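Descriptive analysis of the structure
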Number of protein chains: 2
Amino acid sequence: MERIDSVNNPKIKAWSKLNRKKERDRTGLFCVEGEHLVQEALRAGIVERILSVDDTFSSDEVPFTEVSAAVLAKLSANVSAPSVMAVCRMEPLHPVEKNRLLILDGVQDPGNLGTLIRTAMSFQYDAVYCSPETCDFYNEKVIRSTQGALFHIPLIRTDLSKLCRDLQKEGVTVIATTLQEAVSLRKLIHPERHALILGNEGSGVSPQLQEAADQRVRIEMKGFESLNVAVAGGIMMYELTVSSN
Amino acid sequence: MERIDSVNNPKIKAWSKLNRKKERDRTGLFCVEGEHLVQEALRAGIVERILSVDDTFSSDEVPFTEVSAAVLAKLSANVSAPSVMAVCRMEPLHPVEKNRLLILDGVQDPGNLGTLIRTAMSFQYDAVYCSPETCDFYNEKVIRSTQGALFHIPLIRTDLSKLCRDLQKEGVTVIATTLQEAVSLRKLIHPERHALILGNEGSGVSPQLQEAADQRVRIEMKGFESLNVAVAGGIMMYELTVSSN
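Remember, it's a predicted structure, so these values are computed and weren't measured experimentally.

What follows covers the environment of Glu211(A). Along the chain, Glu211(A) turns up in helix α8 (residues 207–212). Taking the C-alpha atoms as reference points, Glu211(A) and Ala176(A), separated by 35 residues in sequence, lie 8.8 Å from one another.

Here is the structure:
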């Protein structure tokens, strides 16, 4: 069994660079932290190597390196380092079906992006599409907020205008969320196949996509009229899922 | 007009300590950052002093100090400092009505707590009650996640077992969320007056409160079965609000 104690070990230096998007994109690798996420990554079959302070996760199936706490502190993106991490391969999944899709138009906050991916998975959405400027999927905070869901649901970064046109041709109803003039969510007639668009935290869904959408919908509120995008997305996915059962 | 350039100025040193809970509790003061939150605090009438790099926020009504960017960087809890901050007084609000209440049993993450307060405000809940171990209301990340809602909705830290007993005596139906055996949310008969309990991110609602509740409810999901507590809370408040209209 390999053991590395020094933070200056060349392998550790290389893996620590995976905290940067550029290096993740170059190598096709990323790190996950903590027992739960390592287990979800193992379940998804994408683990390249496990690194841990003890041999709990040592097995014949996946390469394992025992490391010092200092090494994990160096690799971790968090202030308090975990006791186990895994170096994983990016293995994009492809949508098998396109019955219920989530489309994210410029979501910036890693916590919001991760939470939306987690919620989409929980309501059995078929895929999550994101505009090119949406924050990186493999950011540590995104991964943590997904609770591992991002290993199991297809995530695609693409041009959303073209996507919406293509989906509409395939018979998928495109629904944009808005705070302006729109059908209230409870009154929305639920289409058999839909793609739900949520927008940027500050500016919402872009005017072009609102225009292109088949339906515009808003959540009924009084007073403060302010919901976090991950909460709004959760409410809409719930409504579109549970009511269509 | 007062102007302070030095980070070593005694007033600045004193205000910078407001990043610590202990100092906030001792003085009854806390800071808010950025234009939107300063405006919400002004609207609530709790601003003690505004600090800004320019005189945009200068007025006759609220004391104002022009400061250097270095001073704001010293006072800010964020990596990128805002251009305006306000020192505010804690002025607890008291619930006028108790028809729709949110109860948080040990929510730990400041972002989740803030988002739940924001959502409660948007769905016109009357108050948010928290167990003693719930994270501090005046943590910078909590305030930011509320988007200012915490200035406008009563927030009370209290013993939840006693609270639930008292509410039940007053005719309020106490509903606990759970992943175990429970009524599914869509099938819940909506009580006229309710208190919704959400639990800790890891362990959920404590067994004692689940036991004490009049109803136990869960959100219908298949598969991944994992929702962030702020998303779950949003879905439940939506369902309990919109359907009872």
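Attention now moves to the packing of aromatic side chains. Residues and elements named next belong to chain A. Considering all chains together, one arrives at 6 aromatic pairs over all chains under this definition. With centroids separated by 4.5 Å and ring planes inclined at 45°, the aromatic side chains of Phe 30 and Tyr 138 adopt a geometry described as tilted. With Phe 30 in strand β2 (residues 29–33) and Tyr 138 in the loop between β7 (127–130) and α6 (140–146), the pair connects residues that are 108 residues apart, well separated along the chain. Among the aromatic residues, those joined into a cluster by ring pairs are Phe 30, Tyr 138 and Phe 151. Between Arg 157 and the ring centre of Phe 137, over which it is positioned, the NZ or CZ distance is 4.6 Å.

The next subject is the confidence of the model for chain A. Per-residue pLDDT for chain A averages 93, and the proportion of residues at 70 or more is 98%. For this predicted complex, the interface score ipTM comes out at 0.92, while the overall pTM is 0.93.

All names here are of chain A. In spatial order, the strands read β1-β4-β3-β5-β2; together these 5 strands make up an open sheet with mixed pairing. Among the strands making up the open sheet, the edge pair consists of β1 (2–4) and β2. The sheet shows a mean angle of 25° between the axes of neighbouring strands, direction not considered. Here 5 bridges tie β2 to strand β5 (residues 84–89), and the two strands are oriented antiparallel to one another. Bridging from a neighbouring strand, Cys 31 pairs with Val 87 of β5.

Cut-off values and rules
- Residues numbered from 1 in each chain as written.
- Chains lettered and ligands numbered in written order.
- Predicted model: local features only at pLDDT ≥ 70, side-chain atom pairs only at ≥ 80, totals over all residues.
- Heavy atoms only, no water.
- Helix = DSSP H or I, 4+ residues; strand = E, 2+ residues; numbered from the N terminus.
- Phe/Tyr/Trp six-rings, centres within 6.5 Å; stacked < 30°, edge-to-face > 60°.
- Lys NZ or Arg CZ within 6 Å of the ring centre and 35° of its normal.
- pLDDT = per-residue confidence, 0-100.
- Pairing = 2+ DSSP bridges.
- Axes fitted to C-alpha atoms, helices over the stretch in contact; angles between N-to-C directions.

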